[in-house]
Amino acid sequence: MPETIELSRETGLSLEAVESLSAGKHEPAWMVQSRRDAWEMYQQLPMADWTRGIRGWWAGTVKETVFDGLKPFVAASTHDLNALPPAAKSLLRPQPLDDADEEDTSDVSGTSSDAAGVLVQYNSEVISTTLTEQVRSQGVILCSLDEAVQQHPDLVQRYFMTRAVKASENKFTALHAALWSGGVFLYVPKGVQIEQPVRAIYYMDDPALANFTHTLVIAEADSYVRLVEEHVSPNGPTQSIDCGIVEIFCGTQARTEYYDQQEWGDGVSNFTIKRAMVGKYGLHKWVVATLGSDLTRLNLDSVLEGEGARAETNGFTFPNGQQHFDVRNITRHTVPHTSADSLFKAVLNGTSQMGFEGIIRADKAAQDTDSHLLANTLYLNESCKAEVQPGLDVWANEVRCMHGATIGMIDDEQIFYLKSRGIPEEEARQLIVEGFFEGVIARVPLAGVRQRLRESIVRKLA
Amino acid sequence: MTEELVIKDLYVNVEDKEIIKGVSLTINKGEIHAIMGPNGSGKSTISNAIMGHPRYTITGGDIIFQGESILGLAADRRARRGLFLAFQYPTTVPGVTVSNFLRTALTNRRKGDVKPEVLPGNLNVEGDKPFYENKAATGLGTDGKNIDRSKRSTLIPPREFRAILREKLTSLQMDEKFTKRYLNDGFSGGEKKRLEILQMAVLNPTIAFLDEPDSGLDIDAVRIVGEGVEKLKGPDMGIVVITHQLRILSYLKPDFVHVMMQGRIIKSGGPELAAQIEEQGYGWLRAEAGLPEGFELDNDEVLTNA
């Protein structure tokens, strides 16, 4: 399996790289062909115009030539979790997952910290997968996508880049389909409900890696699953990219929750599409924090394709320094009686830039759609720049769709009020920013995720 | 007994307009002072200037607190030394729970005003002003390096804090639900004032200014606030109540009453002065001081309440 892959010495993205990656993984013919076709599409598709930002005002931060010199596959230098770099190892600490008393977060004793399963991907390879016997015995599958191609080809063929995100969507998705490696495959059979979350950790440290992280979650009817992901890499000069895709299939009356803390190092360029397909009476919840990377283009979409489906989207965006983040959220209602609630909170520090575009789309058939979108943005200084555009694209005539946006700075009176109680200015700003994000954090039922989000706020304010 | 707070011939500008024109006042622990006066006479300006609001510029005089001038100190350092101001219009801070806020505040109050060590690296180019006083350098610790903000884990242990909070809530007859709400967010006028008193109870200042703790409240709410403050008073706390209504003074029983007009204290006396004002209004005082009629009033006077 992976150890036979010799790609790490090669650089550059090419058809040869695609074929030798596939051969190294001993993939079945259908996957080889799928990769070849995707490479063909990549060659033909134009560079997407959004590389200049949602509104086109970014400086040309993404060039086609950025791919020259990148390595499409870098083997993990170790498969031993104990030998991981300290930054990666610290992520493996158990997280308190119970709904702990908010005031007691410093005291985690007595709260459970068992995840149902943990998957770790280091550079292009998944190096560790664990799943409790109790969950495994119910038919739940957690493995790398590489393994799923071999072991569960029917499921992969049915769901992988077929409906949610297609290879043909744009140049990056085509490249992803040609070169993906590692990946998370999570399958929850009908009626199986897992209370304990599943964790997936993506760690990379190669400075020239083109990483194609892929997460595929299939939750069958009446199932319940929560996936907590982290994307982490060290800071420092690097030209590496993460061109990731998350596909979530929330079946009939299923409940799926997806939490992500994206903390790529400050040199990484990140192009990610996360999309959930929600079936009849299904309920999907996103909590996606965009914190790291130099440049991020995130598509965070939900497609409500079954009657009674509901999606709750929570975006948490905090660029600082010279980061450029673009976040695009499309909630698409395709059938009658679906609902959605999207809340995006962004704080900008340093000279960062952020574009946000949120669209509620109700197809002609989507009568009785009930959909909300709210974007709140807070500037911490006058040198950052944000462009926030909520929008409606409604074709049905019986809907309730609402959108709104606020943008502002920290009120000096709030700072003075907190200072007059003895709280130093820096701590006061921290409290106010935490309070601003509280609307999103309060929607996270997992204490460990809440803690990580709060820690990241503190780091970003420093 | 040493004097806790001495205001010496203070002059204060708000946006280039001189509001306070030479006020002197000495407040000791255990004393209750009332500052009365019509609207626009400068009562609130005094308390804001003493607390260190950046919009209020002190152009003359001095404020000596615990034997040291505090003019150069930011509001948070004044508060950590034991000054407190219950605001007339408390600010809303959405998303920050009362209990989290109070725990952070009490932690800082207990630390006291620990002056960061002055190291050469902490001095700015001009040489005299420590770097840590600059806005850009607020993240610097004593060693000149960035403060590790994770030290927030050194907040007062939750159990201890909850015990303190519960005790204060009980004595002020307040519901614990109060502390789960966001700071002043959606609070009624009376709730905001009671929260100010709760903060005062938790932070236990040595000198507390109460800026119109009774404004906008109905009779019952004034009683609750008045009795709340009454419970807090003691030999270790000096209290200055700013008001132009007398009802609250019936609960607090001030030792000294000062009347302010046009930026000056024009008369000081004992509790009998308050009673006199209740009967006769401010007109006679204005005449006694030789001030022109209605000079300071921008709006209709609200003395009819008195």
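Each remark here, short or long, concerns the structure printed above.
The residue numbers shown here count from 1 along each chain, following its written sequence. Throughout, the order in which chains and ligands are written sets their labels, letters from A for the former and numbers from 1 for the latter. Per-residue local features are limited, in this predicted model, to residues with pLDDT of at least 70; the limit for side-chain atom pairs, both in listing and counting, is 80 or more; totals at the level of whole chains, interfaces and linings are taken over all residues.

**Some thoughts on the overall build of chain B**
This is how it is decided: A helix here means a DSSP run of H or I that spans at least four residues, while a strand means a run of E at least two residues long, and both kinds are numbered starting from the N terminus. Three exposure classes are used. Buried residues have 20 or more other C-beta atoms within 10 Å of their own C-beta, exposed residues have 12 or fewer, and partly exposed residues fall in between, all C-beta atoms being placed from the backbone. We call two residues in contact whenever the C-beta atoms placed from their backbones are within 7 Å.
Check the secondary structure of chain B and you find 9 helices and 12 strands. Residues counted as buried form 40% of the 306 residues belonging to chain B. Across chain B, the fraction of contacts at a sequence separation of at least 24, relative to all contacts at a separation of at least 6, is 71%.

**Some details on the overall build of chain A**
Broken down by element type, chain A carries 10 helices and 20 strands. Long-range contacts, defined here as pairs at least 24 residues apart, represent 80% of the contacts in chain A between residues at least 6 apart.

**Some points on the pairing of strand β16 (residues 339–348) of chain A**
The two faces of the sheet receive side chains in turn, since in a regular strand these alternate between them. All names here are of chain A. Put simply, the test is: Being paired, for any two strands, means DSSP has found at least two bridges between them.
By the criterion of burial, β16 is predominantly enclosed, with 7 of the 10 residues buried. Two elements, strand β14 (residues 310–317) and β16, share 8 bridges in a ladder whose sense is parallel. Residue pairing across strands places A311 opposite A340, the latter belonging to β16. In this structure, β16 lies alongside strand β18 (residues 369–379), joined through 10 bridges in parallel fashion. Bridge pairing in β18 places K345 opposite N376.

**Quick notes on the environment of A:A88**
Following the sequence through the fold, A:A88 ends up in helix α3 (residues 86–89). In contact with A:A88, not counting residues within four places along its chain, are A:Y122, A:Y203 and A:V232.

**A few points about the interface of chain A and chain B**
Condition: The residue classification treats Ala, Val, Leu, Ile, Met, Phe, Trp, Tyr, Cys and Pro as nonpolar and Asp, Glu, Lys and Arg as charged. All others, Gly included, are polar.
The interface of chain A with chain B comprises 26 residues on the first partner and 31 residues on the second. When contributions to the side of chain A that touches chain B are tallied by element, the ones reaching two or more residues are α8 (412–419) and α9 (425–441) of chain A. The element that contributes the greatest number of residues to the side of chain A that touches chain B is α9(A), accounting for 10 residues. Looking at the side of chain A that touches chain B, its residues break down into 9 nonpolar, 6 polar and 11 charged.

**Considering the sheet that holds strand β2 (residues 17–27) of chain B**
Strand pairs in the sheet, formed through backbone hydrogen bonds, run parallel or antiparallel to each other. All names here are of chain B. Overall, antiparallel pairing links the 4 strands, which are arranged β2-β1-β4-β5 in an open sheet. This sheet does not close on itself; its edge strands, each paired only once, are β2 and β5 (68–69). As paired strands, strand β1 (residues 5–14) and β2 are joined by 8 bridges and run antiparallel to one another. Note on β2: the bridge partner recorded for V6 is T26.

**Focus: unusual backbone geometry**
We note that A:M161 has phi near 50°; this positive angle belongs to a residue other than glycine. Mapped onto the elements of the fold, A:M161 is located in the loop between α6 (153–159) and α7 (171–179). Of note in the backbone geometry, B:D9 takes a positive phi value of approximately 45° without being a glycine. Checked against the element boundaries, B:D9 lands in strand β1.

**Looking at the sheet that holds strand β11 (residues 256–261) of chain B**
Residues and elements named next belong to chain B. Just so we agree on the cut-off: Axes, fitted as lines to C-alpha atoms, cover a helix only where it is in contact. Angles between the N-to-C directions of the axes lie from 0 to 180 degrees.
In space, the 6 strands of this open sheet follow the order β6-β9-β10-β3-β11-β12, with mixed pairing throughout. Since the sheet does not close on itself, it has two edges, and those belong to β6 (83–86) and β12 (264–269), each with one partner. Averaged over all neighbouring strand pairs, the angle between strand axes comes to 20°, with direction disregarded. Note that β11 and β12 share 5 bridges and pair antiparallel. Its bridge partner being in β12, M261 is matched across the sheet by R264. Contacting β6 and β9 (207–211), helix α5 (residues 189–203) crosses the sheet at an angle of about 165° to β6.

**A closer look at helix α3 (residues 98–111) of chain B**
Heads up, the condition is: Expected helix span is taken as 1.5 Å per residue step, with the number of steps being one fewer than the number of residues.
For α3(B), spanning 14 residues, the distance from its first C-alpha to its last is 20 Å, which sits close to the expected 20 Å at 1.5 Å a residue. Counting buried residues in α3(B) gives 11 out of 14 residues, a clear majority hidden from the surface. The inward-facing, buried residues of α3(B) contact α9 of chain A together with α2 (75–81), β7 (93–97), α4 (158–171), β8 (182–183) and α5 of chain B. Just beyond α3(B), the residue with positive phi is B:G112, at close to 75°.

**Some remarks on the packing of α4(B) against α5(B)**
All names here are of chain B. How we decide: When an angle is under 35 degrees it counts as roughly parallel; over 145 it counts as roughly antiparallel; between 65 and 115 it counts as roughly perpendicular; any other value is oblique. Handedness of each helix crossing follows the sense of rotation of the near helix against the far helix: counterclockwise by less than a right angle gives left-handed, clockwise gives right-handed.
Relative to each other, α4 and α5 sit at 130°, their axes nearing to 10 Å. The orientation of α4 with respect to α5, classified from their angle, is oblique. Relative to α5, α4 is oriented so that their crossing is right-handed. Contact residues: α4 offers I164, L165 and K168, while α5 offers L198, A201 and V202. Residue composition of the contact of α4 with α5, grouped by class: 5 nonpolar, no polar and 1 charged.

**With respect to the packing of α8(A) against α9(A)**
All names here are of chain A. Put simply, α8 and α9 touch, their axes get as near as 9 Å, and they point 120° apart. As far as their axial angle goes, α9 and α8 are oblique. Here α8 runs over α9; the crossing is right-handed. Contacts from Q414, I415, L418 and K419 in α8 reach E425, A428, R429, L431 and I432 in α9. Along the lines of polarity and charge, the residues of the contact of α8 with α9 split into 5 nonpolar, 1 polar and 3 charged.

**What to know about the pairing of β11(B)**
Residues and elements named next belong to chain B. Taken across its 6 residues, β11 has 5 buried, putting it largely inside the fold. Alignment of strand β3 (residues 32–36) against β11, held across 4 bridges, turns out to be parallel. Paired with M36 across the two strands is V259, which belongs to β11. Adjacent in sequence and paired antiparallel, β11 and β12 are bridged by 2 residues, among which Q262 carries a positive phi angle near 50°.

**Examining the environment of B:R55**
Residues and elements named next belong to chain B. The residue R55 is located in the loop between α1 (43–51) and β4 (56–65) in this model. A tally of 13 C-beta atoms within 10 Å means that R55 is categorised as partly exposed. Taking the C-alpha atoms as reference, R55 lies 6.3 Å from V14; in sequence the two are 41 residues apart.

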